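Structural description and commentary
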Amino acid sequence: MTTRIMFVDDEPNILEGLRARLHRQRRSWDMVFVGSGHEALAHLEKSPVDVIVSDMRMPEMDGATLLRHVQEKYPSVVRIVLSGHSDLESSLRAVPVSHQFLGKPCEAGVIEDVVERARSLQRLVGDDSIKRAIGGIRDLPALPRTYSRLVATVHDESTSLADVAHIINQDIAVCAKVLQLVNSAYFRISRTISKVEEAVAFLGLETIKQVVLASEVFGSARVRAHPGTELMERHAMLVSNVAAHLLNQSKGPREDAAVAGLLHDIGKLVLAVELPAQMAQVDQEMRAEQCPAHVAEQRILGVTHAEIGGYLLGLWGLPYPIIEAVANHHHPTRVPTSSFGILAAVHVADGLVNEVDQDEDPSAPPLLDDQFLERVGGTGQMPTWRAMARRLAADRSA
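Residues numbered from 1 in each chain as written. Predicted model: local features only at pLDDT ≥ 70, side-chain atom pairs only at ≥ 80, totals over all residues. Heavy atoms only, no water.

**With respect to the pairing of strand S2 (residues 29-34)**
When strand S1 (residues 3-8) meets S2, the two strands line up parallel, connected through six bridges. Bridge pairing in S2 places threonine 3 opposite tryptophan 29. (Pairing = 2+ DSSP bridges. Helix = DSSP H or I, 4+ residues; strand = E, 2+ residues; numbered from the N terminus.)

**Topic: the confidence of the model for the chain**
Scored by pLDDT, the chain comes out at a mean of 84, with 88% of its residues at no less than 70. Within the chain, no element has a lower average pLDDT than helix H4 (residues 88-91), which sits at 55, and none a higher one than helix H2 (residues 37-46), at 97. (pLDDT = per-residue confidence, 0-100.)

**With respect to the pattern of salt bridges**
Inspection of the entire model under this criterion finds 10 salt bridges. Where arginine 24 meets glutamate 112, a salt bridge forms, and the shortest distance between an N and an O atom there is 2.7 Å. Taken as a pair, arginine 24 in the loop between helix H1 (12-21) and S2 and glutamate 112 in helix H5 (residues 108-122) lie far apart in primary sequence, 88 residues in all. On the basis of relative accessible area, glutamate 112 is assigned to the buried category, the value being 9%. (Salt bridge = Lys/Arg side-chain N within 4 Å of Asp/Glu carboxyl O. Buried < 20%, exposed > 50% of the residue type's maximum accessible area, 1.4 Å probe, protein only.)

**Describing the nonpolar core**
Counting 105 residues, the largest nonpolar core has Phe7, Ile111, Ile168, Ile208, Val242 and Leu313 as the members making the most contacts within it. For this core, the element with the highest residue contribution is helix H20 (residues 342-358), accounting for 10 residues. Here isoleucine 168 is in contact with Val174, Cys175, Val178, Val196, Val200, Ile208 and Val212, once residues within four sequence places are set aside. Counting 19 residues, the second largest nonpolar core, distinct from the first, contains Ala40, Met56, Leu67 and Val77. (Core = buried A, V, L, I, M, F, W, Y, C linked by side-chain atoms within 4.5 Å. Contact = heavy atoms within 4.5 Å.)

**As for the packing of aromatic side chains**
In this structure the tally under the stated criterion is two aromatic pairs. Summarising the aromatic geometry, the rings of phenylalanine 7 and phenylalanine 33 are spaced 5.2 Å apart at their centres and angled 10° between planes, so their arrangement reads as stacked. Pair noted here: phenylalanine 7 is in strand S1 and phenylalanine 33 is in strand S2, with a separation of 26 residues, a long-range link. Relative to tryptophan 385, the ring of phenylalanine 340 has its centre 4.9 Å away and its plane inclined at 40°; by these criteria the two rings are tilted. Separated by 45 residues along the polypeptide, phenylalanine 340 in the loop between helix H19 (320-328) and H20 and tryptophan 385 in helix H22 (residues 382-397) bring together distant segments of the chain. Accessibility expressed as a relative area gives 21% for phenylalanine 340, which makes it partly exposed. (Phe/Tyr/Trp six-rings, centres within 6.5 Å; stacked < 30°, edge-to-face > 60°.)

**A few points about the pairing of strand S5 (residues 100-103)**
Only one face of S5 is buried, namely the one carrying Gln100 and Leu102, since none of Phe101 and Gly103 on the opposite face is buried. Note that strand S4 (residues 78-83) and S5 share four bridges and pair parallel. By the bridge assignment, leucine 82 is partnered in S5 with leucine 102.

**A look at the environment of alanine 325**
Relative to the elements of secondary structure, alanine 325 occurs in helix H19. Separated by 68 residues in the primary sequence, alanine 325 and alanine 257 place their C-alpha atoms 8.3 Å from one another.

**A closer look at unusual backbone geometry**
Although it is not a glycine, glutamate 60 sits at a positive phi angle of roughly 70°. Structurally, the position occupied by glutamate 60 is in the loop between strand S3 (51-55) and helix H3 (63-73).

**A look at helix H7 (residues 145-154)**
Those residues of H7 lying buried are Thr146, Tyr147, Leu150 and Thr153. One side of H7 holds all its buried residues, which, seen down the axis, span an arc of 130°. (Arc of directions from axis to C-beta.)

In structure tokens form, the structure reads like this:
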């Protein structure tokens, strides 16, 4: 399938450079190059595109304004900002209306990877109404800002606890969440911690990143208004914790498993906030047929929260293993792997946490895929893992 992509830049030399570097894609990409935001909107009225890549700093209509118009009129279009480092401050205006940033100068291979990845994720979701709902999201940010800043800061070897605390202190909701967690009964500390820097030192950077991400994902006004958000957040935090423990021997995969576990049901938030009428039908189907949410979603919507979550995280630019785990956590056999990695950790963690939930609702169907467990060598570990999950669940609720 041909990908229709539009490049927007007011500098003809930049457009010509892009045209030359991407010449090898001419058979699989239908590319159009335009010199202004007004020209881009006029073209879109006549001919749709799948992806738009816009420069940020342009006269008359800058990239942020153009992408806001595109979001409103053509929400299923993937929106990418191409921006130089000197434009960083102004580029922050594009955060709510763009899916990804690419820095100038940008190699052709980077553009190709980002565009093809976005298109493959679009194919996860076949229903145009679902794509429009995702594309028009406003209260779930393109990428949580405080989390993004925190990750960038932590990757700097010169970062201090004071630097991390400074970022957290600038977001009142995140600050409150961090202090609430560190002073909760879960950690059983003997004194009250009132300074964020102390909380960072006590919790550790890995836990801090998860708390910040959870606070931003679950914290918007429209999301908090949904009656199931609190239970969903508790479930996500526990799945994240269990998944991290399942990959405890490897730091990188462990952290990615924790993030994937935290975000594995983010598609449910998208559905609850953007498609409440359809989700009411899904709830009715679940009760009538005594089936899991993803089965009812497939019947009613033709897609599940897992694919929607993977689609959204792909547009955010998260690492592919996280996207893969989120998109396939209910159907892990779709991925041709025999190793126990991030996907396996999230699938098992979600299944084990749901088993804990079954203690309160015995009618809930099991979610673990025995065929997949055997393939990745997890069958013999299940008794140990099950005990671990129940211990973590008990500790969290203590």
